[in-house]
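Coordinate analysis (summary)
Now for the letters of each chain:
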There are 2 protein chains.
Amino acid sequence: MTEVRVLLVDDHPVVRAGLRAMLTGFEGISIAAEASDGKAALKELARLTALGEAPDVVLMDLQMGAGMDGVTATAAIRKLASTPPVLILTTYDTDADILAAVEAGASGYMLKDAPPEQLRQAVLQAAAGGTVLAPRAAALLMDRISNPGTSLTQREVQLLELLATGLSNRAIAKEVFISEATVKTHLVHIYGKLGVDNRTAAIAEATRRRIIRPPGAKG
Amino acid sequence: MTEVRVLLVDDHPVVRAGLRAMLTGFEGISIAAEASDGKAALKELARLTALGEAPDVVLMDLQMGAGMDGVTATAAIRKLASTPPVLILTTYDTDADILAAVEAGASGYMLKDAPPEQLRQAVLQAAAGGTVLAPRAAALLMDRISNPGTSLTQREVQLLELLATGLSNRAIAKEVFISEATVKTHLVHIYGKLGVDNRTAAIAEATRRRIIRPPGAKG
DNA sequence: CCCGGGATCAACCTTTCGGTTGATCCCGTG
DNA sequence: CACGGGATCAACCGAAAGGTTGATCCCGGG
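What counts, and at which threshold
- Residues numbered from 1 in each chain as written.
- Chains lettered and ligands numbered in written order.
- Predicted model: local features only at pLDDT ≥ 70, side-chain atom pairs only at ≥ 80, totals over all residues.
- Heavy atoms only, no water.
- Helix = DSSP H or I, 4+ residues; strand = E, 2+ residues; numbered from the N terminus.
- Contact = heavy atoms within 4.5 Å.
- Core = buried A, V, L, I, M, F, W, Y, C linked by side-chain atoms within 4.5 Å.
- Buried < 20%, exposed > 50% of the residue type's maximum accessible area, 1.4 Å probe, protein only.
- Pairing = 2+ DSSP bridges.
- Right-handed = clockwise from strand over helix to strand, strands pointing away.
- 1 Å grid on protein atoms, 1.4 Å probe; cavity = no way out; pocket = protein on both sides within 12 Å on 5 of 7 lines; lining within 4 Å.
- Points joined across faces, edges and corners; volume = space filled by probe spheres on them.
- Nonpolar A, V, L, I, M, F, W, Y, C, P; charged D, E, K, R; others polar.
- Salt bridge = Lys/Arg side-chain N within 4 Å of Asp/Glu carboxyl O.
- Near = heavy atom within 4 Å.
- Polar contact = N/O pair within 3.5 Å; in protein donor to acceptor, adjacent residues only side chain to side chain.

You'll find chain A entered in an unreviewed UniProt entry as DNA-binding response regulator, with Arthrobacter liuii given as the organism.

Topic: the overall build of chain A
Helix and strand counts for chain A stand at 10 helices and 6 strands. Long-range pairs, those at least 24 residues apart, make up 63% of the contacts in chain A between residues at least 6 apart in sequence.

Comments concerning the nonpolar core
If you look at the biggest cluster of nonpolar residues, it comprises 45 residues, and the most contacted ones within it are Val123 of chain A together with Val123 of chain B. Contacts of Val123 of chain A, omitting those with residues within four sequence positions, involve Val4, Val6, Leu23, Ile29, Val57, Leu59 and Leu87 of chain A. With 24 residues, the next largest nonpolar core counts Leu7, Ala32, Met60 and Ala101 of chain B among its residues.

Considerations on the pairing of strand S1 (residues 4-9) of chain A
Residue and element names in this part refer to chain A. With 6 of 6 residues buried, S1 is to be regarded as a mostly interior element. With 6 bridges joining them, S1 and strand S2 (residues 29-35) adopt parallel strand pairing. Bridge assignment links Val4 to a residue of S2, and that residue is Ile29. Chirality of the crossover, the property in question, places the unit of S1, helix H1 (residues 13-24) and S2 among those that are right-handed.

Structural notes on empty space enclosed by the protein
This structure, assessed with the given rule, holds 1 cavity of 30 Å³ or more. There is about 30 Å³ of room inside the largest cavity. Along the lines of polarity and charge, the residues of the lining of the largest cavity split into 6 nonpolar, no polar and 2 charged.

Some words on the pattern of salt bridges
Residues and elements named next belong to chain A. A full pass over the atoms with the stated rule returns 21 salt bridges over all chains. Linking Asp61 and Lys112 is a salt bridge whose minimum nitrogen-to-oxygen distance equals 3.2 Å. Of the two residues, Asp61 is situated in the loop between strand S3 (57-60) and helix H3 (70-78) and Lys112 in the loop between strand S5 (108-111) and helix H5 (116-127); the sequence distance between them amounts to 51 residues. Like Asp61, the residue Lys112 is buried in the burial classification. Residues joined by salt bridges that share partners form a network here, namely Asp10, Asp61 and Lys112.

Here's the deal with the protein's contact with DNA strand D
In the region of DNA strand D, 17 residues are neighbours, and Arg155, Ser179 and His186 of chain A together with Lys184 and Tyr191 of chain B sit closest. Close to the protein, within 4 Å, the atoms of DNA strand D belong to sugar or phosphate groups at a rate of 69%. Within the side chain of Thr153 of chain A, one N or O atom sits 2.9 Å away from a phosphate oxygen of DNA strand D. Ser179 of chain A places a main-chain nitrogen or oxygen 2.4 Å from a phosphate oxygen of DNA strand D. Only helix H9 (180-194) of chain A together with helix H8 (169-176) and helix H9 (180-194) of chain B provide two or more residues apiece to the surface near DNA strand D. By residue number, the principal contributor to the surface near DNA strand D is H9 of chain A, which donates 5 residues. Of the residues belonging to the surface near DNA strand D, the class tally is 3 nonpolar, 8 polar and 6 charged.

As structure tokens, this is what we get:
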């Protein structure tokens, strides 16, 4: 196996062209196939595997407008019998994105504005079975294990995200199938951890700390 | 005119590589230079013009993490003595993005997920002095001229910005030296114009429309 | 000169939110 | 098994926000 074969997954033709041009320009890296969303990626993966040409690494965008999103696709890929490493390549470095990706079983997390050389290293490392994280992603995970007391739980982050979309407590409750009382309890905890005393301040602070994406940002 | 010469402006190396690969693959289009932000674009423009090799069109991303943003850069370019057409190429089709771009003097507005052929047409048309708008952009502008009554006043935008920082009505009142009652009146007007019914939704909607910056965004 | 829109404020009422207390359930760790 | 943390819910209260009505002032355009 001389070459590292990559399966590109991104919904933007421009980005795919860029990654293709960039990666094929490197020694020892080639593009096995491309897909515009998660579902297509799974199909491509099956096709390549059947041909005995399974890719050595999947390069996956998290934000995809239509079709299956990156997290879902990553989780699905990791459940297959033969699972190539999935390297996440995304625009944002928010806590929620990073956590979701790692939880879904991604082998790495890189930002799209990374320099080409870093991207090359990441692809090779991931293909070799290694883990590669962008500095912020690594820092977040370290922080998460060192002092989990001050950091938000997954549930809290989830509610925070819904909060930022402008939903009321009641609407949030319906959205996640819990009671309004529980939503309020979570919010009080969130306010305490963030050091604020109302929902708008919580959104501002969480956005500043990059715990959530800016309200209205596409995902 | 033998070749349409393009100045690429985008902060992501991957996207630049994609556009370069895509555009240079077309007959009659070539890349004059590239820049990673607005300031660098102005510098490149000056350099190329001094060499007598001014580009025929500037292909500009609106969202750029660091440095001068696309709107500012577009406005700056349109103020020069010799102004090449600026074609906006962005990820989002939000109201304020489009409006801001057109206001800044852009000749066109395309989305990054447009098919390559559409992109080629757009570049050629813009270079020829024409106007080219993505369907949604065109629709928005039509709608905007037909009923302009829904736009926010300066005062309302100012209060929205304070709102997004997490301040209470009382705190906002103190901040701008008006009564809490007046703040509430303004907020009711804002909610009506944005089509929402609470402050967090107003922040989300205003952020989505790019009426205000995301809470906690870098200054 | 009158009209409209923007900004300002008050009074009033309803709904939502913030905060507390206390409780149950589940799960993983020591 | 006991303990703690996370998630769940209820009841309660005061504070804040949402919504309405009505009013004054200023300014610019028909």
